[in-house]
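These are the residues of each chain, in order.
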Amino acid sequence: MVGYITVNRQELKLREFEEYRTWYCGLCRSLKHRYGVSGQLTISYDMTFLVLLLSDLYDRTPKVSSTHCVSHPVGKKQEIRYTDVTDYAADMNVILAYYKCLDDWDDERRVDRRLFAAVLSKGKKKAGIDYGRKAALIKDRLDRLHEAEQKGETDVDTVSGYFGDILAEVFAMEDDEWESTLRRFGYFLGKFIYLMDAYDDLEKDEKHHRYNVFSCYKDRDDFESFAKQVLTMMISKACEAFEVLPLVENAALLRNILYSGVWSRYNAIQEKRAKEKENTAPVAGDTAGEQEMIRSRQQANR
């Protein structure tokens, strides 16, 4: 995953953000313990959200400790918070990161991603021992997604649905009464993430002649409103499923992420594009006609 599911820090109290950070640091420590430094490099805010949600849903009491880390090697130790869900999220994170690296290699021929996939391969196999069915489904859906992208699929529901299937599988940690709700939640959250990533990368993909599901829509007069409507629909359906879950301890943090944080990157993209548009807006003398008039007047005055 690509880090779109994060908090809106401006709307959190300092205490709330510090608590969120302890869960993030807990995931980081789990990744290092289980997969070494290479595992730590795969950490994402998206998986921190998974830990917060499932730990709350299944009433896991977090273990709290403190430690130094790469980001804070000296001075005060950093508090970390983790449960058995943290280890599950670490396993899923490594599996996803491995296949994402291979996908980046197939799409962009990025040697660094191919090399990192090789580094992660041992960890992926280790995680696959306990979660073979999930790993197989993730690979299958990424293969289908890659095939659809290669064919130039234009239907946003079809291509985003493959990534939706992946997150549906990831969020369904247990086979229990909450499985169907978690699958529905993960499905629409996955679709939102895929489409937000496509919206974010549109200009870059166009520049490098790479597939993007929004490419065939970008010339529509209502493209911006269309993209916003699609994204809103996906996250709204995810939120409908989320509100069914009996969450208590982490509910405020989770709602901050789902109702505000997920739009942080979108708002940043909008601001960037607005500035770019403002900087490229024509000024006096910019058009060919105006420049010709200026030259004519200059010659007449000589």
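Everything below is about the structure printed above this text.
Everything in this summary refers to the structure shown in the same document. (Residues numbered from 1 in each chain as written. Predicted model: local features only at pLDDT ≥ 70, side-chain atom pairs only at ≥ 80, totals over all residues. Heavy atoms only, no water.)

Here the phi dihedral of Asp-59 falls at roughly 50 degrees; this positive angle occurs in a residue that is not glycine. With respect to the element layout, Asp-59 can be found in the loop between α2 (45-57) and β1 (63-67). For Asp-59, a relative accessible area of 67% puts it in the exposed group. (Helix = DSSP H or I, 4+ residues; strand = E, 2+ residues; numbered from the N terminus. Buried < 20%, exposed > 50% of the residue type's maximum accessible area, 1.4 Å probe, protein only.)

Glancing now at the nonpolar core. Membership of the largest hydrophobic core comes to 88 residues, with the highest contact counts inside it found for Phe-49, Leu-53, Leu-54, Phe-185, Leu-189 and Phe-214. For Leu-53, the contacting residues outside a window of four places in its chain are Phe-171, Leu-182, Phe-185, Phe-242, Leu-245, Leu-247 and Leu-254. (Core = buried A, V, L, I, M, F, W, Y, C linked by side-chain atoms within 4.5 Å. Contact = heavy atoms within 4.5 Å.)

Here we take up the packing of helix α1 (residues 14-40) against helix α4 (residues 111-130). Close contact between α1 and α4 brings their axes to 10 Å; oriented N to C, the two are set at 165 degrees. The orientation of α1 relative to α4 falls into the category roughly antiparallel. Crossing hand, α1 versus α4: left-handed. From α1, Arg-34, Tyr-35 and Ser-38 reach across to α4, where they touch Phe-116, Val-119, Leu-120, Gly-123, Lys-126 and Ala-127. Classifying every residue of the contact of α1 with α4 gives five nonpolar, two polar and two charged. (Axes fitted to C-alpha atoms, helices over the stretch in contact; angles between N-to-C directions. Parallel < 35°, antiparallel > 145°, perpendicular 65-115°, else oblique. Left-handed = near helix turned anticlockwise from the far one by under 90°. Nonpolar A, V, L, I, M, F, W, Y, C, P; charged D, E, K, R; others polar.)

Tracing the chain through its elements places Asn-256 in helix α9 (residues 251-259). Among residues more than four places away in sequence, those in contact with Asn-256 are Val-7, Asn-8, Glu-11, Leu-12 and Gly-261.

What follows deals with the packing of aromatic side chains. This model, assessed by the stated rule, comprises 18 aromatic pairs. Seen in terms of ring centroids, Phe-49 and Phe-185 are 5.9 Å apart; in terms of plane orientation they differ by 25 degrees. Their pairing is stacked. Separated by 136 residues along the polypeptide, Phe-49 in helix α2 and Phe-185 in helix α7 (residues 179-207) bring together distant segments of the chain. Take Phe-49: its relative accessible area is 0%, and that puts it in the buried class. (Phe/Tyr/Trp six-rings, centres within 6.5 Å; stacked < 30°, edge-to-face > 60°.)

In this model helix α8 (residues 223-242) runs 29 Å from its N-terminal to its C-terminal C-alpha over 20 residues, within 8% of the 28 Å that 1.5 Å per residue would give. All of the buried residues in α8 are Phe-223, Phe-226, Ala-227, Val-230, Leu-231, Met-234, Ile-235, Ala-238, Cys-239, Ala-241 and Phe-242. Where α8 is buried, its residues meet α2, α6 (156-171), α7, α9 and α10 (264-279). (Expected span 1.5 Å × (residues − 1).)

All told, the structure shown has 25 salt bridges when counted by the stated rule. Of the charged contacts in the structure, one is a salt bridge between Arg-81 and Glu-79, with a shortest N-O distance of 3.0 Å. The exposure class assigned to Glu-79 is partly exposed, which follows from its relative accessible area of 33%. Asp-205 is the salt-bridge partner of Arg-210, the closest N and O atoms lying 3.3 Å from each other. (Salt bridge = Lys/Arg side-chain N within 4 Å of Asp/Glu carboxyl O.)

Burial in α9 covers these residues: Ala-251, Leu-253, Leu-254, Asn-256, Ile-257 and Leu-258. The elements touched by buried residues of α9 are α1, α2, α7 and α8.

What follows is about the packing of α1 against α2. Two elements in contact, α1 and α2, have axes separated by 9 Å at closest approach and are oriented at 105 degrees. With respect to α2, the axis of α1 lies roughly perpendicular. Between α1 and α2, the contacting residues are Tyr-20, Trp-23, Tyr-24 and Leu-27 on the first element and Tyr-45, Met-47, Thr-48, Val-51, Leu-52 and Ser-55 on the second. Along the lines of polarity and charge, the residues of the contact of α1 with α2 split into eight nonpolar, two polar and no charged.

Turning our eyes to something else, we now look at the environment of Ile-5. Structurally, Ile-5 is set in the segment before α1. Classification of Ile-5 by relative accessible area gives buried; the value is 1%. Residues in contact with Ile-5, not counting those within four places in the same chain, are Tyr-45, Asp-46, Phe-49, Leu-189, Phe-192, Ile-193, Ile-257 and Val-262.

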